[in-house]
Every structure is written in structure tokens, then in C-alpha cells.
Amino acid sequence: MTRAPLGLIAGTGFYDLGALVDPAEHTVPTAFGDARVVRGTWHGIPVVFLTRHGAGHSVPPHLVNYRANIRALADLGVRDVVAVNVTGSIDPDLRPGDLLCLDDFLDLTRQRPVTFFDGSGPEGVVHTDVVEPYHPAIRREILDAASTAGRPVRDGGVYACFEGPRFETRAEVRLARLAGADVAGMTGVPEVTLALEAGLRYAAISLVVNPASGVGDSDEPITMDEINAVLRTSSAAVLEILDELVHTRATFPDPTDPDPTEPFA
Ligand SMILES: CSC[C@H]1O[C@H](OP(=O)(O)O)[C@H](O)[C@@H]1O
Ligand code: HPA
């Protein structure tokens, strides 16, 4: 048996994990279409990296093939997934550059394939429990890694997933705030719920890159220039946390891993 690779999914601003050793691109065919991944090692740990918007950020959030992406990770033997989502802040106390380890979500999407189970398979109709959508053990790893790396991360946060690709109206952001949302994004769902359906242990780091529409003092429009400027200064913090998390895994192999001593196949 081989060691289960760690899955890393990222989107806007994270297209290349410079730390990956011997990175190799693969196309993984699945029943839902092809997924593109990069396989390599990081601190000796096998890693499968998936950039959810595809090469050159060519796929908008509402058209990402979430099912192919998650199925591909599961088919490659991934058990644990750390995802990164950049977001607009809804909680007025959050600032661009802030990090959260999400613990819940609101699904405000409208037109995405949301499940692996359409009723025709041997499982029939499946209703997945999502009372704890982000896996507590992976959340703990993220929080511990952040603490060791000296990069503060808020423990908990509700991610409101909008359909996109447009940004939200101020009224939509107020509605999400009333429902308890802290940050707004366009890709976290159904990625997280498909991961649950596939039996993966999934957690997500959210990096705030702008105040969501109408949040804060300014009524300025949200611009990609502003978002890219925050990414330039803040993406290093996310990579440091991931680096620490992977380093810790390499140092203290997980006894529940199928075989933590074997090298990557
Ligand atoms: C660049 S702003 C909108 C874009 O950023 C977020 O990306 P991701 O979730 O992949 O980190 C948001 O969901 C949109 O895709
Ligand atoms: O303000 C936002 N809204 C939705 N998704 C986002 N991704 C980055 N910023 C935002």
C-alpha cells in the first residue's frame, strides 16, 4: 500500500506551488470529465495540487467542474484536502489580508451540479449530513500550522458562496450578513460538499482580498487591481501555513494514514 497523497486545491492567485519537488502535470479522466492536477512531493510528502480555475485561470467559478476535480482527487487516493478560497469580507471587523479557517457555509449558488448521486447508482438517493462540513482534524492542522508559522488565522468563519462570476449587490451582502456569513466567495460550494460525498477529509483557509460590496466606509467598486495587490502581499502567509502543515505531516506521520512509511507511488 502507498501513502495517501495530500490534496491541495487553490484558486485565484495560487497557480503554482513553488515548493513542489518533481512536479508533473497529469490529466485525470473521471466519469464527470477530465481534471488537471500536478503531482509532486513537498517535504517528502506526496501531494496532488489542483488549481480549480484551470490553466491560466480560464474557467469562471460557476463553470468549474467541481465533480471532476473532487472525483479525480479521490481516484488518486487522496484522503485529506486543504483548500484555499480568496474572499470578500462581510464581517466589518475583517480586513484585506485576514485569514480564516472556515467552519460553516451558506450555499447561495443557483445552477451547479451539486452531487455525485443522481439516484441512478447503486447508492440510490443519498442525503449527506453537513452539520460539520469542514473536517475538525484538518481544521486543527491548519490552525496549529498557522500558529507555528506565526500567521494569525481566525478559528471559524461562515463562507457565503454566491453564483458569480459577478460580484454581489450590497443587498445580497446584507442578506448574507443577516444569515451569519463572514466572507463571500464563489467556489467553496459545492467543492466542500462533494468532498464530503466522496469521503474526503476537507478543510479550507479563506484569505480576505477585499471588503464585499457595501462593507466598510467606501462605496468604491471592487477591482481586480485591488485584489491582486492584496494577493501580492498576503499570499505568502497562506503558503507559509501550508508549508508548516506539510512539514508537520512529514515530521509526525499520521498513524491512520493507509501507510505513512511508504514513498509515493
Ligand atoms: C478574483 S475575485 C473572484 C474570484 O476569487 C475567488 O476565487 P477562489 O474562490 O477560486 O479563490 C472567487 O471565488 C472567484 O472565483
Ligand atoms: O467580494 C467578493 N465576493 C465574492 N467572491 C469574492 N472573491 C474575492 N472577493 C470576492
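Going along each chain's sequence as written, the residues are numbered from 1 onward. Throughout, the order in which chains and ligands are written sets their labels, letters from A for the former and numbers from 1 for the latter. Reporting in this predicted model follows two pLDDT cut-offs: at least 70 for local features of residues, and 80 or more for side-chain atom pairs to be given and counted; totals over whole chains, interfaces and linings ignore these cut-offs and use all residues.

## With respect to the UniProt feature "binding site: phosphate" (unreviewed entry) in the protein
Logical step 1: UniProt positions are given in the numbering used here, feature names are shortened, and annotations may be inferred rather than shown by experiment. According to UniProt, the "binding site: phosphate" (unreviewed entry) feature falls on T12, R52, H53 and T187. Spanning 176 residues, the annotated positions come together in the fold, the maximum distance between their C-alpha atoms being 10.0 Å.
Logical step 2: Secondary structure counts use DSSP, requiring at least four H or I residues in a row for a helix and at least two E residues in a row for a strand, with both numbered from the N terminus. Looking at the element boundaries, T12 is found in the loop between strand 1 (6-10) and strand 2 (21-30).
Logical step 3: Given 24 C-beta atoms within 10 Å, T12 falls into the buried group.
Logical step 4: Working definition of burial: number of other C-beta atoms within 10 Å of the residue's own, with buried at 20 or more, exposed at 12 or fewer, and partly exposed in between, all C-beta atoms being placed from the backbone. For R52, a count of 22 C-beta atoms within 10 Å corresponds to the buried category.
Logical step 5: Apart from residues no more than four positions distant in its own chain, R52 is found in contact with I9, G11, V64, N69 and T187. Whether two residues are in contact depends on their C-beta atoms, placed from the backbone: they are in contact if these lie within 7 Å.

## A word on the UniProt feature "binding site: substrate" (unreviewed entry) in the protein
Logical step 1: Using the residue numbers shown here, the UniProt feature "binding site: substrate" (unreviewed entry) corresponds to M186, N210, P211 and A212.
Logical step 2: Mapped onto the secondary structure, M186 falls in the loop between strand 10 (183-185) and helix 4 (188-197).
Logical step 3: By C-beta crowding, M186 is classed as buried, having 26 other C-beta atoms within 10 Å.
Logical step 4: Setting aside residues up to four positions removed in sequence, M186 forms contacts with P61, C161, F162, G164 and P165.
Logical step 5: With respect to the helices, strands and loops of the structure, A212 is situated in the loop between strand 11 (201-211) and helix 5 (224-251).
Logical step 6: Residues contacting A212, with those up to four places away along its chain left out, are G88, S89, I90, E168, V173 and A184.

## Structural notes on the nonpolar core
Logical step 1: Note on terminology: a nonpolar core is a set of buried residues of type Ala, Val, Leu, Ile, Met, Phe, Trp, Tyr or Cys, with members joined through C-beta atoms within 7 Å. Residues V82, I90, I142, A184, I205 and I241 are the most contacted members of the largest nonpolar core, which totals 71 residues.
Logical step 2: Not counting the four nearest positions on each side in its chain, A184 is found in contact with T87, G88, I90, A160, F162, E168, V173, A176 and A212.

## Topic: the pairing of strand 3 (residues 33-42)
Successive side chains on a regular strand alternate, one facing one side of the sheet and the next facing the other.
Logical step 1: Being paired, for any two strands, means DSSP has found at least two bridges between them. Here eight bridges tie strand 2 to strand 3, and the two strands are oriented antiparallel to one another. Bridge assignment links V28 to a residue of strand 3, and that residue is A35.
Logical step 2: Counted along the chain from strand 2 to the antiparallel partner strand 3, the turn is two residues long.
Logical step 3: Direction of pairing for strand 3 relative to strand 4 (residues 45-51): antiparallel, over a ladder of five bridges. By the bridge assignment, R39 is partnered in strand 4 with V48.
Logical step 4: Where strand 3 folds back on strand 4, the antiparallel hairpin that results is connected by two residues, among which H43 adopts a positive phi of roughly 50°.

## Observations concerning the site of ligand 1
Logical step 1: Near ligand 1 the following residues occur: G11, T12, R52, H53, P61, N85, V86, G164, G185, M186, T187 and I227.
Logical step 2: In this classification, the charged set is Asp, Glu, Lys and Arg, the nonpolar set is Ala, Val, Leu, Ile, Met, Phe, Trp, Tyr, Cys and Pro, and all remaining amino acids, among them Gly, are polar. Tallied by class, residues from the shell around ligand 1 come to four nonpolar, seven polar and one charged. Near residues are defined by distance alone, with the backbone-placed C-beta atom required to lie within 6 Å of the molecule or strand.

## Observations concerning helix 4
Logical step 1: Among the ten residues in helix 4, nine count as buried, and that is most of the element.
Logical step 2: The complete set of buried residues in helix 4 reads G188, V189, P190, E191, V192, T193, L194, A195 and E197.
Logical step 3: Directly beyond the C-terminal end of helix 4, a positive phi value near 80° is found at G199.

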